[in-house]
Every structure is written in structure tokens, then in C-alpha cells.
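# Chains, contacts and geometry: an overview
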Amino acid sequence: MNQKKWTDLLDQDVYNRLANCRSKKSDILPLAQAKWGFLKNKPGFQKEDALIAVLELLDCNSCDIDLTAEDYNNILFQMI
């Protein structure tokens, strides 16, 4: 399968919640992993860039998800 956008890497449930601005805290890891999967072979990007991009997108979608510093670091640690 040839992915054209990072959301092609999401499972259907996570994608549907994202598309409907209904993402939840547990979606952050799969969203960040998908974004990272799309960016990791491009020069100049790091895992944290993918996570920040996802958090900014969720903020634009009015998804108010509070992450502690520990949550943030755990997500970064779990990203493949």
C-alpha cells in the first residue's frame, strides 16, 4: 500500500474520531506514531516534532486534552 498522507497509517476508529473532532487522550499515541511513521525518513524531524504536530492539530480541532509532563514523556518513550 502506498501511503499518500500520514492519516493513511491510522486505524479506522482513531481516524474517525480525528475526522469528527472527537479524539481522546488514548488516541494521542497512535496519532503521534502515525505522524512519526510518515516523517521519520525526512531529514530534520524527530519524534517530538510528530507529537507536537499532533497536539497542535488536536488543539485546532478543539479537543481539550490535558497531558502532564509524565504523560508527554511516556508517549515519546512509547513511539516507535
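That block above? That's the structure.
Residues numbered from 1 in each chain as written. Predicted model: local features only at pLDDT ≥ 70, side-chain atom pairs only at ≥ 80, totals over all residues. Heavy atoms only, no water.

### Some details on helix α1 (residues 12-19)
Selection rule: Whenever a nitrogen or oxygen atom comes within 3.5 Å of another N or O atom, the pair is scored as a polar contact, on the condition that within protein one atom can donate a hydrogen and the other can accept it, and that pairs from neighbouring residues in sequence are kept only if both atoms are in side chains. Strands here mean DSSP runs of E at least two residues long; helices mean DSSP runs of H or I at least four residues long; both are numbered from the N terminus.
Where α1 starts, the residue carrying a side-chain oxygen 3.2 Å from the main-chain nitrogen of D13 turns out to be D11. Of the residues trailing α1, C21 is marked for its positive phi of about 55°.

### Section: unusual backbone geometry
Let me state the cut-off plainly: Relative accessibility under 20% of the residue-type maximum defines a buried residue, over 50% an exposed one, and the middle range a partly exposed one, all with a 1.4 Å probe and only protein chains included.
Here C21, not a glycine, exhibits a phi torsion of approximately 55°, which is positive. One can find C21 in the loop between α1 and α2 (28-39). We classify C21 as partly exposed; its relative accessible area is 35%. Positive phi, close to 60°, is recorded for S62, a residue that is not glycine. Tracing the backbone shows S62 in the loop between α3 (47-60) and α4 (69-78).

### Quick look at the pattern of salt bridges
What counts, and what does not: A pairing counts as a salt bridge when a side-chain nitrogen of Lys or Arg comes within 4 Å of a carboxyl oxygen of Asp or Glu.
Evaluated as defined, the whole model comprises three salt bridges. Across the salt bridge formed by R17 and D27, the nearest N and O atoms sit 2.6 Å from each other. Here R17 is found in helix α1, whereas its partner D27 is found in the loop between α1 and α2, with ten residues between them in sequence. As a salt-bridge pair, D71 and K25 come within 2.9 Å of each other at their nearest N and O atoms. Placement of the pair is D71 in helix α4 and K25 in the loop between α1 and α2, with a sequence separation of 46 residues. Residue K25 is classed as partly exposed on the basis of its relative accessible area of 41%.

Note that all results are geometric; they support no functional claim without further evidence.
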